[in-house]
Structures are given as structure tokens and as C-alpha cells.
Amino acid sequence: MEALYAITLGVLAASGVYLLMRARIYPVVMGLTLISYAVNLFLFAMGRLGTGVPAVIGKSAEYGDPIPQALVLTAIVIGFAMTAFVVVLSLRALGELRTDHVDGEESR
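Residues numbered from 1 in each chain as written. Predicted model: local features only at pLDDT ≥ 70, side-chain atom pairs only at ≥ 80, totals over all residues. Heavy atoms only, no water.

1. Examining the overall build of the protein chain
Rule in force here: Only DSSP runs of H or I reaching four residues or more are called helices, and only runs of E reaching two or more are called strands; each is numbered from the N terminus. Relative accessible area decides the class of each residue, using a 1.4 Å probe on protein chains only: under 20% of the type maximum gives buried, over 50% gives exposed, and in between gives partly exposed. Note on contacts: a residue pair qualifies if any of its non-hydrogen atoms lie within 4.5 Å across the two residues. Surface exposure here means Shrake-Rupley accessible area, sampled with a 1.4 Å probe, where a residue is shielded only by the protein chains that are shown.
Looking only at helices and strands, the protein chain has three helices and zero strands in total. For the protein chain, the N- to C-terminal ordering of α and β elements is α-α-α. Each of the 108 residues in the protein chain was classed as buried or not, and the buried ones make up 19%. The contacts of the protein chain with a sequence gap of at least 6 include a subset with a gap of at least 24, amounting to 46%. Summed over its atoms, the accessible surface of the protein chain is roughly 8,300 Å², and 70% of this surface lies on carbon and sulfur atoms.

Below you can see the structure in the form of C-alpha cells.
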């Protein structure tokens with residue numbers, strides 16, 4: 001199961017980097033989103049979540065760690081806000097420059 005999870009993270013990160021290297025705005029936004037998903041899954045996996053483990057409240061020998069879940073939730077909210085900002089910024093650039101290339105110039 002760990003190998004499948006690692007392969008999934010690798011594919012998400014590699015796809016995100018590939019899309020970041022494109023010269024168009026939409027693939028760059030999608031690449032940033034894929035890298036954000038890969039990082040969120042990585043943070044969640046590093047928390048070593050256990051099944052059947054109670055939350056912090058209660059009496060038990062072993063507790064669930066709430067920090068990875070809180071980090072991922074915060075990262076999802078920040079990632080959504082940054083994606084919305086980048087989309088608005090790219091739409092404004094598209095309106096002013098009349099091109100969807102990241103550098104603002106058509107390739108020759």
C-alpha cells in the first residue's frame with residue numbers, strides 16, 4: 001500500500017511540474033493545483049494515522065495525532081485561496097496582454 005501511495009504522490013508531483021513548464025496560463029494553474037494536492041497527501045501520510053485510535057479526548061494508551069489533519073486542512077484553504085488569486089490574475093493578464101502565454105509574448 002505504501003508503494004501505491006508513493007507512486008501516486010510521484011505521478012501527481014511529476015504531472016504538476018510538467019504542467020508548470022508549459023507556456024500557457026491554464027496548464028500552469030493546473031500544475032500548481034496538482035503540486036498542492038501532492039503536498040497535501042504527503043503531509044497527511046507523514047502523520048502516520050492509525051485506524052481505531054481515539055481522538056485526543058478520552059482515556060487511552062494511544063491517541064490520534066491532530067496536527068497533520070490540521071496542517072492539511074489549513075493547506076487546502078490556503079491552496080484554494082491562492083488558486084482563486086492566480087486565476088483572477090491570469091484573467092486580468094489575458095485581458096490586458098491579449099495572449100495566454102505566461103511571459104506575455106507569443107512564441108516565434
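Now that the structure has been shown, the text picks up again.
2. A look at helix H1 (residues 2–20)
Our working rule: A helix's residues, less one, multiplied by 1.5 Å, set its expected span. Throughout, the arc means the angular range of directions from the helix axis out to the C-beta atoms.
The end-to-end C-alpha separation of H1 is 27 Å, in line with the 27 Å expected for 19 residues at 1.5 Å each. Turning to H1, its buried residues are Leu9, Leu12, Gly16 and Leu19. Along the axis of H1, the buried positions cluster into a sector of 105°, meaning they face one direction only. Summarising the geometry of H1, the exposed residues directed more than 90 degrees from the buried face are Ala3, Ile7 and Tyr18. Packing partners of the buried residues in H1 comprise helix H2 (25–46).

3. Things to note about the packing of H1 against H2
Inclusion rule: Angles shown run from 0 to 180 degrees and are taken between the N-to-C directions of axes, each axis being a line fitted to C-alpha atoms and, for helices, limited to the stretch in contact. In this scheme, roughly parallel covers angles under 35 degrees and roughly antiparallel covers those over 145, while 65 to 115 is roughly perpendicular and the rest are oblique. Whether a crossing is left-handed or right-handed is set by the direction in which the near helix is turned from the far one by less than a right angle, anticlockwise for left-handed and clockwise for right-handed. Charged residues are taken to be Asp, Glu, Lys and Arg, nonpolar residues to be Ala, Val, Leu, Ile, Met, Phe, Trp, Tyr, Cys and Pro, and polar residues to be all remaining types, Gly included.
Relative orientation of the contacting elements H1 and H2 amounts to 155°, with a least axis distance of 7 Å. As judged from the angle between their axes, H1 and H2 are roughly antiparallel. Relative to H2, the crossing made by H1 is left-handed. Of the residues in H2, those touching H1 at Tyr5, Leu9, Leu12, Ala13, Ser15, Gly16, Val17, Leu19 and Leu20 are Pro27, Val28, Met30, Gly31, Leu32, Leu34, Ile35, Ala38, Leu41, Phe42, Phe44 and Ala45. Here the contact of H1 with H2 is composed, by residue class, of 18 nonpolar, three polar and no charged.

4. A closer look at the UniProt feature "transmembrane region" (unreviewed entry) in the protein chain
This is how the line gets drawn: UniProt positions are given in the numbering used here, feature names are shortened, and annotations may be inferred rather than shown by experiment.
With numbering aligned to this structure, UniProt lists the feature "transmembrane region" (unreviewed entry) at residues 6–21, 28–47 and 67–91. For residues 6–21, helix accounts for 94% and strand for 0%, while the C-alpha atoms at its two ends are 23 Å apart. Across residues 28–47, helical content stands at 95% and strand content at 0%; the span's end C-alpha atoms are separated by 29 Å.

5. Quick look at H2
For H2, with 22 residues, the first-to-last C-alpha span of 32 Å sits near the 32 Å given by 1.5 Å per residue. Taken as a whole, H2 has its buried residues at Ile25, Pro27, Val28, Val29, Gly31, Thr33, Leu34, Ala38 and Asn40. Buried-residue contacts for H2 involve H1 and helix H3 (67–97).

6. Considerations on the environment of Arg24
As a reminder of what qualifies: Residues adjacent in sequence count toward polar contacts only when both atoms are side-chain atoms; beyond that, a polar contact is any pair of N or O atoms within 3.5 Å, and within protein one must be able to donate a hydrogen and the other to accept it.
Position of Arg24 relative to the elements: it lies in the loop between H1 and H2. The exposure class assigned to Arg24 is partly exposed, which follows from its relative accessible area of 34%. Distance in space between the C-alpha atoms of Arg24 and Val102 is 5.6 Å, their sequence separation being 78 residues. Residue contacts for Arg24: discarding those within four places in its chain leaves Asp100, His101 and Val102. Engagement of the side chain of Arg24 in a polar contact is seen with the side chain of Asp100, the distance being 2.4 Å.

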